[in-house]
Amino acid sequence: MKILITGGAGYIGSVLTPTLLGEGHDVTVLDNFLFRQSSLADCCQYERFQIARGDCRDESVVKPIVAKADLIIPLAALVGAPLSDLNKEAAQSTNSDAVRLICRLASRQQRVIMPTTNSGYGIGEKGKFCTEETPLRPISLYGTSKMEAEMAVLERENSISFRLATVFGMSPRMRTDLLVNDFVYRALHDRAVVIFEGHFKRNYIHIRDVVRVFLHSIDKFEAMKGRPYNVGLDDANLSKLELCAEIKKQLPKFVFLEAPIGEDPDKRDYIVSNQRILATGFRTEWDLDRGIRELIKVFTILRQSRYANV
């Protein structure tokens, strides 16, 4: 297939792009290289790889490359509440408006597979799993803008949306500000972390399984299209304290404490059911323990803090 990935040099795109090339697809990446990353340099060996440096919000840039694609994967976004809050206008225009632009430019025959976030569930009901039928109640600009983008994508029908759990794992465009990545980095280098509101729960998914669910949906697109899917580890609906306990199993010197006062500005707290994606035949390969082992090796190499978004 001819595949266009906007934001293809980002955290997920830097793993997805070489994987799709390895599967024999033609891949064009549009990216503005906001973080001055060189994560796709090794992809330049492929004749089937094309790169466009530009802004996903610029119709004059987007229109001609959308026209050539069989499948469009809009990854370009200001990812996470902290980065979105730093530039609210850019977050809205990139996370939502740019996706609407793609939906307007793409024909009905062209396919769209879009990753969004399960943070749209906001604050869930205690002990009750969030399914794809659960009302979305985002509590951040980031969550709201991604929810709007998902609505635009699903309205065109020939599309799939993945509501990703909190992603973790190694990418050539590494991020240390994702929760699992951050806690493992601190456990290895600082050996301690202070946690605010440690009972807040989230779901998690390894970046390699995120890539695998894209491949899975390409193969099963006709059966899966027109719906959103939660994508996470069913055995990893964990509180922050439970996550730290899992890390401590592999780094015994790690000490974590819950602060008796203060609060986390991130109020997300929910557990998620991933039964819809499992019903399509998809199975994850990377559990939390395997991902932690990987990250320990990664952060033995990486010692700089420049790998975060903010």
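Treat the numbers as computed from the prediction; the structure is a model and nothing was measured.

### Details of the packing of helix H1 (residues 13-22) against helix H7 (residues 207-219)
Interhelical geometry of H1 versus H7 gives an angle of 45° and a closest axis separation of 9 Å. By the angle between their directions, the pair H1 and H7 is classed as oblique. In this structure, H1 crosses over H7, and the sense of that crossing is right-handed. For the pair H1 and H7, contact is made by Val15, Leu16, Thr19 and Leu20 and by Ile207, Arg208, Val211, Phe214, Leu215 and Ile218, respectively. When the residues that make up the contact of H1 with H7 are grouped by side-chain class, the tally is eight nonpolar, one polar and one charged.

### Considerations on the nonpolar core
Judged by nonpolar contacts, the single largest core of 65 residues is most densely connected at Ile5, Leu20, Ile73, Phe162, Phe214 and Ile247. With seven residues, H7 is the largest single contributor of residues to this core. Ignoring any residue separated from it by four or fewer positions in sequence, one finds Ile5 in contact with Leu16, Thr17, Leu20, Val27, Thr28, Val29, Leu30, Ile73 and Leu75. Grouped together as the second largest cluster of nonpolar side chains are 21 residues, Ile65, Ala69, Ile102 and Val112 included.

### Remarks on the environment of Ile207
Position of Ile207 among the secondary structure elements: in helix H7. When its relative accessible area of 0% is taken as the criterion, Ile207 is described as buried. Sequence separation between Ile207 and Gly169 is 38 residues; the distance between their C-alpha atoms is 5.6 Å. Those residues in contact with Ile207, other than ones at most four positions away along the chain, are Tyr11, Ile12, Val15, Val167, Phe168, Gly169, Met170 and Ser171.

The rules behind each value
- Residues numbered from 1 in each chain as written.
- Predicted model: local features only at pLDDT ≥ 70, side-chain atom pairs only at ≥ 80, totals over all residues.
- Heavy atoms only, no water.
- Axes fitted to C-alpha atoms, helices over the stretch in contact; angles between N-to-C directions.
- Helix = DSSP H or I, 4+ residues; strand = E, 2+ residues; numbered from the N terminus.
- Parallel < 35°, antiparallel > 145°, perpendicular 65-115°, else oblique.
- Left-handed = near helix turned anticlockwise from the far one by under 90°.
- Contact = heavy atoms within 4.5 Å.
- Nonpolar A, V, L, I, M, F, W, Y, C, P; charged D, E, K, R; others polar.
- Core = buried A, V, L, I, M, F, W, Y, C linked by side-chain atoms within 4.5 Å.
- Buried < 20%, exposed > 50% of the residue type's maximum accessible area, 1.4 Å probe, protein only.

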